[in-house]
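What follows is each chain in one-letter form.
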Amino acid sequence: MTETVLEANAVRVVRGGRDVIEDASLSIPTDAQLLVQGPSGAGKTTLFNVLGLLDTPTDGTVTIRGEDTASLSERKRAKLRRETLGFIFQDFQLIGDLTAWENAALPQDHTGERDEEWLETLFERLEIADRADQYPATLSGGEKQRVAIARALANRPAIVLADEPTGQLDPDTTEQVLDLLFRLQETADTALVVISHDMQLTPRFDTVVRLEDGRIRADPT
Ligand SMILES: Nc1ncnc2c1ncn2[C@@H]1O[C@H](COP(=O)(O)OP(=O)(O)OP(=O)(O)O)[C@@H](O)[C@H]1O
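Residues numbered from 1 in each chain as written. Predicted model: local features only at pLDDT ≥ 70, side-chain atom pairs only at ≥ 80, totals over all residues. Heavy atoms only, no water.

Under an unreviewed UniProt entry, the protein chain has the name ABC transporter related protein and belongs to Haladaptatus paucihalophilus DX253.

This is the structure in structure tokens:
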């Protein structure tokens, strides 16, 4: 049986006096290819932040490998986040005065565990080895997203969480980035959770759930 790495149980998030997420439950196995698909305002970013331990739910629990994250101190949550999760954001969030390589190495710097060989593997697989010394301003959108993917995988996280990872890419580059993500998922042995409004992504994923008005619904197809 596949192990569950992250579980959200009856999560409710109240913001601005109303329920932005209502009774959301998700079980993420170690080999997940999960797409959470939903329209603008459905609560996707809020759910991303809760699953990524960047925000705490008003009610309900988020457990990682069976450990309830609510009972942890902020320091322990941050440590668990650094060691277990890799993040990919729509706007890449690269640091402008660091090179592509330095950006990708940041999570390793935070945990103090440099693994140059793994970074090299990632840069080769992502076909950005020749861009390693360039600064973000000189990279294309697709290249920036690949650096962001390398950074997300730098610490070999158990889960990669991606919020609209292809939102700024054209359809062809979107397909290429998805191909790379799935191939790297296998190499890195990580669960992949993508949150997106983009219907183009739907056929590529094993499991698709819909988020509508803060509620998770099973994929109707
Ligand atoms: N801190 C907050 N205070 C008040 N309302 C909030 C807060 N955070 C989110 N919301 C509201 O909750 C709803 C869901 O927001 P969220 O950003 O999670 O949606 P989303 O699905 O990611 O949307 P988009 O695709 O447009 O980014 C929105 O109506 C938003 O205005």
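K.L.:
Any chance you could explain the environment of Ile159 here in plain terms?
P.N.:
Assignment of secondary structure puts Ile159 in strand E7 (residues 159-163). Judged by relative accessible area, which is 0%, Ile159 ranks as buried. Note: C-alpha distance between Ile159 and Ala32 (127 residues apart in sequence) is 8.7 Å. Look past the residues within four positions of Ile159 in its chain and what remains in contact with it is Val5, Leu6, Thr84, Leu85, Gly86, Thr190, Ala191 and Val193. (Helix = DSSP H or I, 4+ residues; strand = E, 2+ residues; numbered from the N terminus. Buried < 20%, exposed > 50% of the residue type's maximum accessible area, 1.4 Å probe, protein only. Contact = heavy atoms within 4.5 Å.)

K.L.:
Please clarify how the packing of aromatic side chains should be interpreted in this entry.
P.N.:
When we look at a pair of aromatic rings, we describe it by the centre distance and by the angle of the planes. A full pass over the atoms with the stated rule returns five aromatic pairs. Aromatic pair Phe182 and Phe205: ring centres 5.2 Å apart, planes at 65°, arrangement edge-to-face. Note that Phe182 is positioned in helix H6 (residues 171-188) and Phe205 in the loop between strand E8 (191-196) and strand E9 (207-212), a separation of 23 residues in sequence. Judged by its relative accessible area of 13%, Phe182 is buried. Overall, Phe205 belongs to the buried group, its relative accessible area being 7%. In this structure, Arg156 is placed above the aromatic ring of Trp118, and the distance from its NZ or CZ to the ring centre is 4.0 Å. (Phe/Tyr/Trp six-rings, centres within 6.5 Å; stacked < 30°, edge-to-face > 60°. Lys NZ or Arg CZ within 6 Å of the ring centre and 35° of its normal.)

K.L.:
Explain the packing of helix H3 (residues 100-111) against helix H5 (residues 141-153) here, please?
P.N.:
Axis angle and axis distance: for two packed helices, these are the angle between their axes and the distance between the axes, and together they describe the pair. Where H3 meets H5, the axes come as close as 6 Å, and the angle between the chain directions of the two elements is 30°. As summarised for this structure, H3 and H5 are arranged roughly parallel, according to the angle between their axes. With respect to the hand of their crossing, H3 and H5 are arranged in right-handed fashion. The residues of H5 that touch H3, namely those facing Ala100, Asn103, Ala104 and Pro107, are Val147, Ala150 and Arg151. Here the residues of the contact of H3 with H5 sort into five nonpolar, one polar and one charged. (Axes fitted to C-alpha atoms, helices over the stretch in contact; angles between N-to-C directions. Parallel < 35°, antiparallel > 145°, perpendicular 65-115°, else oblique. Left-handed = near helix turned anticlockwise from the far one by under 90°. Nonpolar A, V, L, I, M, F, W, Y, C, P; charged D, E, K, R; others polar.)

K.L.:
I would appreciate a short explanation of the packing of H3 against helix H4 (residues 116-125) in the present structure.
P.N.:
Two elements in contact, H3 and H4, have axes separated by 11 Å at closest approach and are oriented at 130°. One finds that H3 runs oblique with respect to H4. For the pair H3 and H4, the crossing hand works out as right-handed. Listed contacts from H4 to Ala100, Trp101, Ala104, Ala105 and Gln108 of H3 are Glu116, Trp118, Leu119, Glu120 and Phe123. Its residues placed into classes, the contact of H3 with H4 shows seven nonpolar, one polar and two charged.

K.L.:
Would you mind showing me how to read the site of the ligand here?
P.N.:
With respect to spatial proximity, the complete set of residues near the ligand consists of Arg15, Gly16, Arg18, Val20, Pro39, Ser40, Gly41, Ala42, Gly43, Lys44, Thr45 and Thr46. Gly43 places a main-chain nitrogen or oxygen 3.0 Å from an oxygen atom of the ligand. At 2.6 Å, a side-chain N or O of Thr46 approaches an oxygen atom of the ligand. The set of elements that each furnish at least two residues to the shell around the ligand consists of strand E2 (18-29) and helix H1 (44-51). When residues of the shell around the ligand are assigned to their parent elements, the largest contribution, three residues, is made by H1. Across the shell around the ligand, the residue classes tally to three nonpolar, six polar and three charged. (Near = heavy atom within 4 Å. Polar contact = N/O pair within 3.5 Å; in protein donor to acceptor, adjacent residues only side chain to side chain.)

K.L.:
Honestly, the sheet that holds E8 in this entry has me stumped. Any pointers?
P.N.:
Strands belonging to one sheet form pairs held by backbone hydrogen bonds; the direction of such a pair is parallel or antiparallel. Spatial strand order, E6-E7-E8-E3-E9-E10: six strands in an open sheet with mixed pairing. Edge positions in the open sheet fall to strand E6 (85-89) and strand E10 (215-218), since each of these has one partner strand only. On average, each strand axis in the sheet is tilted by 20° relative to the strand beside it, whichever way the strands run. Bridge count for strand E3 (residues 33-37) against E9 is four bridges, and the pairing is parallel. Bridged to Val36 within E9 is Val209. Against the sheet, H1 makes contact with E3, E6, E7, E8, E9 and E10, and its axis sits at roughly 160° relative to E7, the strand it touches most. (Pairing = 2+ DSSP bridges.)

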